[in-house]
Amino acid sequence: MSKSIFRKKSITKILADCASGFSDAEHSGGSSLKKELNVKDLTLMGIAAVVGAGIFSTIGLASFNGGPGVTILFVLTAITCGFSALCYAEFASRIPVAGSAYTYAYASFGELIAWIIGWDLLMEYAIGNIAVAVSWSTYFVNLLEGFNIHMPAYLTMDYYSAYSAHEQVLEFTKSHNLAAITDTIKQANIAWNTAPGFGGLKLIANIPALAIVVGITYLVYIGIRETKKATNAMVILKIAIVIAVIAIGFFYVTPANWHPFMPNGFGGVMKGVSGVFFAYIGFDAISTTAEECRDPQRDLPRGMIYSLIICTVLYILIALVLTGMVSYKNLAVGDPLAYVFNQVHLTKISGIISFSAVIATASVLLIFQLGQPRIWMSMSRDGLLPKIFSKIHKKFHTPSFATIVTGFVVGVPALFLNLTIVTDLTSIGTLFAFVLVCGGVLLLPREAAKAGRFHLPYINSKWIVPALFILCAYFFRNGIIGLFDGTHNKDDLPFFLFIGLSAVLTVLAFVKNLSLIPVLGLLSCFYLMTELGYTNWVRFLVWLVIGLDIYISYGYEHSLLGEKIAPWHKLAKKISLIGAIVSIFAVIIFDPQDSVTMDIIYGLLGFALGYLVVYSGAALLFSLFQKDKVE
């Protein structure tokens, strides 16, 4: 057994473990996952995960920034996702087990990177679903309003939004700036003023968000067959509605609205990267169902690619309808589809769109709530999480405990929090997973094509990638040269990393004859990451630091691949704990915040970073100066 944090789990061992019934770490009477899914089910699941909140909300702001040219961004993002989908398909055909990018990283990069990916996918599936649940609540409440059913405002939003609105109203009223009080602020302030409570504590919670999470979690808990039926029904319904909306909308298109095509230039188009990519997130989620597929090596790749193609066509048509019905200048709204039909006085269509949004968002919740427990199940099998996370229910044949925990992780925060920021966080986390999957394919030994199994076509990048690098350097030379004129700030750091990575991959492509598709997938995904801004990179790195702390504390010493651990590991953990506590006081004393809440948040961040830094330093010293003894 290896002590290295980069120990790999071979594909042969992964498949052997699965075949021998190791899929249930509790070995509870031979319970296993049911094989219920075919290529049609997987395609519909992919569409269910992709066509959701993005097409009903984030597409509006992307169209506002990019104009009709946002269709180019949809094509570019689809190509980027297509490269990644092909790499996922290659892994899925070789490793047809649950776990998605986590399992793929374990086989190609090793344990530490696999853990990082598993932790990263928590951001995509569970944390991202908090925002989806809150979004569903908004659509659902608006739909009820259309039927003259009015829920109390304090039962439809989070505590912080209501409190902030109340404070803003007091401030604007005091300064006689009543014009600054928007309808959204007014509604949230009503929630605060009408909420029951005790003293200064108000009873304010997003009950619809909790209700949908509970309902979806129950559905996922009772079985894959039931989940499949519900998903298929919702997808067929929402696709029918989306196609009808496109068909009707084209009769109200004014071609003059498509000119100029890119009113804010290519830079304006690229401002919508986060929203557009968020609209594509989800096609990879179906790879977590590999062990529930009848023929995963054939059907998983097809399901991912088919769903991506269908969704891209729908997105491009929707974008053309939106920017053709009204001017792009009017699309900075939260419900762009409903808005444009209201503008042409088709209010009944708006009601149908609201209903479709409720269905679409629920289907996204369903697929992500399905995917996250299976990621945890795979990590538990490898010892990186407690065994109970991989327990399979005897009757329902689902990862029962992991499913319930996922429900709590999503439902409770959705009840009290407003996490609009997770759109960007989810995008950057997903792109990072795509980067590692594409990079992982480059590390796999090439295999000859086998009948009935997807095989990624090999195209030698020896001359193509260097040629593309030179062409891009020439056409974007002014922007690249401008990075070194001393006028740029920390926001350009991600792009510097991209240039460095591009140069390294160009050299490797020439020397190692790398496969073209994974190289293009890696570079395109990393480029989209640079467009998400420095702040989101910092938040993402903080998330990774917390995950690494958990791996140090539990995963490293419980890994089934590492029954032997470094002799200094436990001592280094104790020293790190002291360093982490000292870091809390250092952060609070030397960088005090405006409130106790922010002091607590920064203190916890200091704890996490201090723990990792001190452990890394201690581990380095111990490994250099102590003999390697078996614990």
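Anything mentioned here points back to the structure above.
These numbers were taken from a predicted model, which means no experiment stands behind them.

Caption draft 1: Region of the structure containing the overall build of the chain. Counting secondary structure elements, the chain contains 24 helices and 2 strands. Put simply, the chain has 631 residues, and 54% of those count as buried. Pairs at least 24 apart in sequence give 83% of the contacts found in the chain among residues at least 6 apart. For the chain, the exposed area adds up to about 27300 Å²; of that, 68% sits on carbon and sulfur atoms.

Caption draft 2: Examining the side chain of Asn 206 more closely. Inspection of the secondary structure assignment puts Asn 206 in the loop between strand S2 (201-202) and helix H9 (207-222). Those residues in contact with Asn 206 that lie beyond four places of it in its chain are Val 134, Ser 137, Leu 155, Thr 156, Met 157, Ala 414 and Leu 415.

Caption draft 3: Summary view of the environment of Leu 42. By secondary structure assignment, the location of Leu 42 is in helix H2 (residues 39-50). Overall, Leu 42 belongs to the buried group, its relative accessible area being 0%. Separated by 186 residues in sequence, Leu 42 and Lys 228 have C-alpha atoms that sit 8.9 Å apart. With residues up to four places along the chain from it excluded, the contact list for Leu 42 reads Leu 37, Ile 286, Thr 289, Cys 293, Asp 299, Leu 300 and Gly 303.

Caption draft 4: Summary view of helix H14 (residues 336-343). Of all the positions in H14, only Pro 336, Leu 337, Ala 338, Val 340 and Phe 341 are classed as buried. Backbone geometry just downstream of H14 places His 345 in the positive-phi region, at approximately 65 degrees.

Caption draft 5: Region of interest: the pattern of salt bridges. Within the structure shown, the criterion is met by 4 salt bridges. With a closest N to O distance of 2.9 Å, Glu 557 and Lys 573 form a salt bridge. In this pair, Glu 557 is assigned in helix H22 (residues 534-558) and Lys 573 in helix H23 (residues 569-590), connecting sequence segments 16 residues apart. With a relative accessible area of 19%, Lys 573 lands in the buried category. Each of Asp 295, Arg 298 and Asp 299 takes part in one network of salt bridges that share partners.

Caption draft 6: Representation of the packing of helix H4 (residues 70-94) against helix H13 (residues 296-325) within the structure. Two elements in contact, H4 and H13, have axes separated by 9 Å at closest approach and are oriented at 175 degrees. Considering their axes alone, H4 and H13 lie roughly antiparallel with respect to each other. Looking at the contact of H4 with H13 residue by residue, the class counts come to 19 nonpolar, 5 polar and no charged.

Caption draft 7: Molecular detail of the nonpolar core. Phe 56 and Phe 341 are the most contacted members of the largest nonpolar core, which has 175 residues in total. In terms of residue count, the dominant contributor to this core is helix H6 (residues 111-146) (20 residues). Phe 341 has contacts with Val 245, Ile 248, Gly 249, Met 325, Leu 346, Thr 347, Ile 349, Ser 350 and Ile 353, leaving out every residue within four places of it along the chain. Ala 165, Phe 172, Ile 185 and Ala 188 belong to the second-largest nonpolar core, a separate cluster that totals 14 residues.

Caption draft 8: Examining a nonpolar patch on the surface more closely. On the surface, Ile 459, Ile 464, Leu 468, Leu 471, Tyr 474, Phe 475 and Phe 476 cluster together into a nonpolar patch covering about 700 Å² of accessible area. Structurally, Phe 475 is set in helix H18 (residues 464-475).

Caption draft 9: Just unusual backbone geometry, in detail. The residue after His 259, namely Pro 260, is reached through a cis peptide bond having omega 0 degrees. Looking at where Pro 260 falls in the secondary structure, it is placed in the loop between helix H10 (224-250) and helix H11 (265-270). With phi around 60 degrees, Asn 148 is a residue other than glycine that occupies positive phi space. Along the chain, Asn 148 falls in the loop between H6 and helix H7 (159-174). Residue class for Asn 148 comes out exposed when judged on its relative accessible area of 63%. The residue His 176 is not glycine, and still its phi comes out positive at about 60 degrees. Relative to the elements of secondary structure, His 176 occurs in the loop between H7 and helix H8 (183-194).

Caption draft 10: Local environment of the packing of aromatic side chains. Enumeration over the complete set of coordinates arrives at 19 aromatic pairs. Between Trp 119 and Trp 543 the ring centres are 4.6 Å apart and the planes differ by 20 degrees, which places this aromatic pair in the stacked class. With a gap of 424 residues between them, Trp 119 in helix H6 and Trp 543 in helix H22 connect regions that are remote in the sequence. Like Trp 119, the residue Trp 543 is buried in the burial classification. Ring centres of Trp 463 and Phe 510 lie 5.1 Å apart, and the angle between their planes is 80 degrees; on these two criteria the pair is classed as edge-to-face. Of the two residues, Trp 463 sits in the loop between helix H17 (422-443) and H18 while Phe 510 sits in helix H20 (residues 493-512), which places them 47 residues apart along the sequence. Taking the relative accessible area as the measure of exposure, Phe 510 reaches 35% and is therefore partly exposed. In textbook terms, an aromatic cluster arises when at least three aromatic residues are bridged by ring pairs, as seen for Trp 115, Tyr 551 and Tyr 556. Above the face of the Trp 192 ring, Lys 202 is positioned so that its terminal group lies 5.7 Å from the ring centre. Here Lys 462 stacks its cationic end above the ring of Phe 510, 4.1 Å away from the centre of that ring.

Caption draft 11: Structural context of H22. Over its 25 residues, H22 extends 35 Å from the first C-alpha to the last, a length consistent with the 36 Å expected when each residue adds 1.5 Å. By the largest-angle criterion, Tyr 551 marks the main kink of H22, which is about 50 degrees.

Caption draft 12: Looking closely at the environment of Phe 56. Take Phe 56: it is sitting in helix H3 (residues 53-66). Between the C-alpha atoms of Phe 56 and Ala 279, which are 223 residues apart in sequence, the distance is 9.1 Å.

Caption draft 13: Looking closely at the side chain of Ser 461. Mapped onto the secondary structure, Ser 461 falls in the loop between H17 and H18. Residues in contact with Ser 461, not counting those within four places in the same chain, are Pro 466, Ala 509, Asn 513, Leu 514, Ser 515, Leu 516 and Val 519.

Caption draft 14: Local environment of the packing of helix H15 (residues 347-381) against helix H16 (residues 400-416). For the pair H15 and H16, interaxial distance at closest approach is 9 Å and the crossing angle is 120 degrees. Comparing the axis directions of H15 and H16 gives the class oblique. Where H15 crosses over H16, the handedness of that crossing is right-handed. The segment H15 lies against H16, with Gln 369, Gln 372, Pro 373 and Trp 376 engaging Ala 402, Thr 403, Val 405, Thr 406, Gly 407, Val 409 and Val 410. Class assignment of the residues belonging to the contact of H15 with H16 gives a composition of 6 nonpolar, 5 polar and no charged.

Conventions adopted
Residues numbered from 1 in each chain as written. Predicted model: local features only at pLDDT ≥ 70, side-chain atom pairs only at ≥ 80, totals over all residues. Heavy atoms only, no water. Helix = DSSP H or I, 4+ residues; strand = E, 2+ residues; numbered from the N terminus. Buried < 20%, exposed > 50% of the residue type's maximum accessible area, 1.4 Å probe, protein only. Contact = heavy atoms within 4.5 Å. Areas by Shrake-Rupley, 256 points an atom, 1.4 Å probe, with all protein chains shown as cover. Salt bridge = Lys/Arg side-chain N within 4 Å of Asp/Glu carboxyl O. Axes fitted to C-alpha atoms, helices over the stretch in contact; angles between N-to-C directions. Parallel < 35°, antiparallel > 145°, perpendicular 65-115°, else oblique. Nonpolar A, V, L, I, M, F, W, Y, C, P; charged D, E, K, R; others polar. Core = buried A, V, L, I, M, F, W, Y, C linked by side-chain atoms within 4.5 Å. Patch = residues over 30% accessible without salt bridge, like charges linked within 9 Å, V, L, I, M, F, W, Y side chains within 5 Å. Phe/Tyr/Trp six-rings, centres within 6.5 Å; stacked < 30°, edge-to-face > 60°. Lys NZ or Arg CZ within 6 Å of the ring centre and 35° of its normal. Expected span 1.5 Å × (residues − 1). Bend = angle between axes of the 7 residues up to and from the residue. Left-handed = near helix turned anticlockwise from the far one by under 90°.

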